[in-house]
Amino acid sequence: MNTLQAILLGIVQGITEFLPISSSGHLQIFKEILEVELEENLTFDVTLHAATVLSTIVVLWSEVMRLLKGVFSRRFTPEQAYVLKILISMIPIGIVGLTLKDRIEAMLGAPWILYAVGLMLLLTAALLAFAYYAKPRQKEEISYRDAFIIGIAQACAALPGLSRSGTTIATGLLLGNKKESVAQFSFLMVLAPILGEMLLEALSGKMTASVETAPLLAGFAAAFVTGCLACRLMIGIVRKGRLIWFAVYCAIAGTVSIASYYYL
């Protein structure tokens, strides 16, 4: 992997981690285009995820600090309740990670991966479109029940091509939660699972120095900068209710991905 490839993949990761168009699906597509076997470069993959985690913390810094301060209060505070909801949302993805992680990773090397990615992108498009046209009654705050259901949506999004942010935000909106609240919850709820996965991969000994330092740093920087921009952009987009354009994009990208499987 050279520096230019690393930068391009970092940009793809940074943008697609927050926009509801599937980072895993687009990374798989761009692997094919750039002829980079990303699954063989686990160190690089983990580095990109670290960059997007850092960008989330930077963009939502005031909210992160507010939650951290509230957690250490002696009485039960709204901040502690919010963190508890985040913990509840992590249960489904934790179960999937412990039981199906190897099978999901094996899918990335399957000859039919572009076909699977295409189908999941079409499903993402359908979810976003449904959430756009549905008009449920708005709730004041995300409930514990909703947090768990949104967590189930996040677990389903472990499938390549099914957008994590798109699936969780669409689910939250369909449950009647306010647009800005569900976007913020969607971005915060992924921090712990990604950090946990990074720690497990580091402890497993699977990470190797297969990528040189320059491409590694370039990919990290590209993912961090574009991640900051995409995170801010996505919060604004959800607030204004413009998810339908991403549904159109995912439908087109999914169709192209399926067509490329058959004709390329």
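Right, let's walk through the structure included here. (Residues numbered from 1 in each chain as written. Predicted model: local features only at pLDDT ≥ 70, side-chain atom pairs only at ≥ 80, totals over all residues. Heavy atoms only, no water.)

## A few points about a nonpolar patch on the surface
Heads up, the rule is: Patch membership is restricted to residues that have no salt bridge and whose relative accessible area is over 30%. Joining uses 9 Å for like charges and 5 Å for the nonpolar side chains Val, Leu, Ile, Met, Phe, Trp and Tyr. Reported accessibility uses the Shrake-Rupley method at a 1.4 Å probe radius. Residues are deemed covered only where the shown protein chains occlude them. Salt bridge, as applied in this entry: a Lys or Arg side-chain nitrogen positioned within 4 Å of an Asp or Glu carboxyl oxygen. By the criteria applied, helices consist of DSSP H or I runs no shorter than four residues and strands consist of E runs no shorter than two, each listed in order from the N terminus. Buried residues are those whose accessible area, probed at 1.4 Å on protein chains only, stays under 20% of the maximum for their type, while exposed residues exceed 50% and partly exposed ones sit between those limits.
A cluster of nonpolar side chains, F76, L84, L87 and Y144, forms an exposed patch at the surface whose accessible area comes to about 390 Å². Along the chain, the position of F76 falls in the loop between α4 (61-71) and α5 (78-107). By relative accessible area, which is 56% here, F76 ends up exposed.

## Observations concerning the side chain of H26
Stated formally: Pairing of N or O atoms within 3.5 Å defines a polar contact, subject to two protein rules: one partner must be a possible hydrogen donor and the other a possible acceptor, and residues neighboring in sequence count only if both atoms are side-chain atoms. Contact between two residues is taken to exist if any of their heavy atoms lie within 4.5 Å; hydrogens are not considered.
Turning to its location among the elements, H26 is positioned in helix α2 (residues 23-34). When its relative accessible area of 4% is taken as the criterion, H26 is described as buried. There is a polar contact of 2.8 Å between the side chain of H26 and the side chain of Y249. Excluding its chain neighbours within four sequence positions, the residues that come into contact with H26 are V12, T16, I21, L121 and Y249.

## Some words on α5
Given 3.6 residues to a turn, an α-helix orients residues that are three or four positions apart in the same direction. Stated formally: Helix span, as expected, comes to 1.5 Å for every residue beyond the first. Here the bend at a residue means the angle between the axes of two seven-residue stretches, the one that ends at it and the one that starts at it.
Over its 30 residues, α5 runs 41 Å from end to end, which matches the ideal 44 Å to within 8%, given 1.5 Å per residue. L100 marks the point of greatest bend in α5, at about 75°. What α5 keeps buried is the set E79, Q80, A81, Y82, K85, I86, S89, P92, I93, V96, I104 and M107.

## Section: the pattern of salt bridges
One pass over the full model with this rule turns up six salt bridges. Put simply, R66 and E79 hold a salt bridge, and the shortest N to O gap is 2.7 Å. With R66 in helix α4 and E79 in helix α5, this pair connects stretches of sequence that are 13 residues apart. The shortest N-O distance in the salt bridge between D146 and R145 comes to 2.9 Å.

## Details of the packing of aromatic side chains
Quick reminder of the rule: Aromatic pairing here means that ring centres of Phe, Tyr or Trp (its six-membered ring) are within 6.5 Å. Orientation follows from the plane angle: under 30 degrees is stacked, over 60 is edge-to-face, and everything else is tilted.
Evaluated as defined, the whole model comprises six aromatic pairs. Pairing Y115 with Y261 gives two aromatic rings, centres 5.5 Å apart and planes at 45°, and the pair type is tilted. Placement of the pair is Y115 in helix α6 (residues 113-133) and Y261 in helix α12 (residues 244-263), with a sequence separation of 146 residues. Among the residues examined, Y115 registers a relative accessible area of 29% and is labelled partly exposed. Y261 gets classed as partly exposed once you look at its relative accessible area, which sits at 33%.

## So, helix α7 (residues 144-156)
End to end, α7 covers 19 Å across 13 residues, agreeing with the expected 18 Å (1.5 Å per residue, within 8%). Regarding α7, the residues found buried are D146, A147, I150, G151, A153, Q154 and A155.

## Regarding unusual backbone geometry
In the Ramachandran plot, S22 falls in the positive-phi region, its phi being about 75° despite a non-glycine side chain. For S22, the position within the fold is in the loop between α1 (3-16) and α2. When its relative accessible area of 1% is taken as the criterion, S22 is described as buried.

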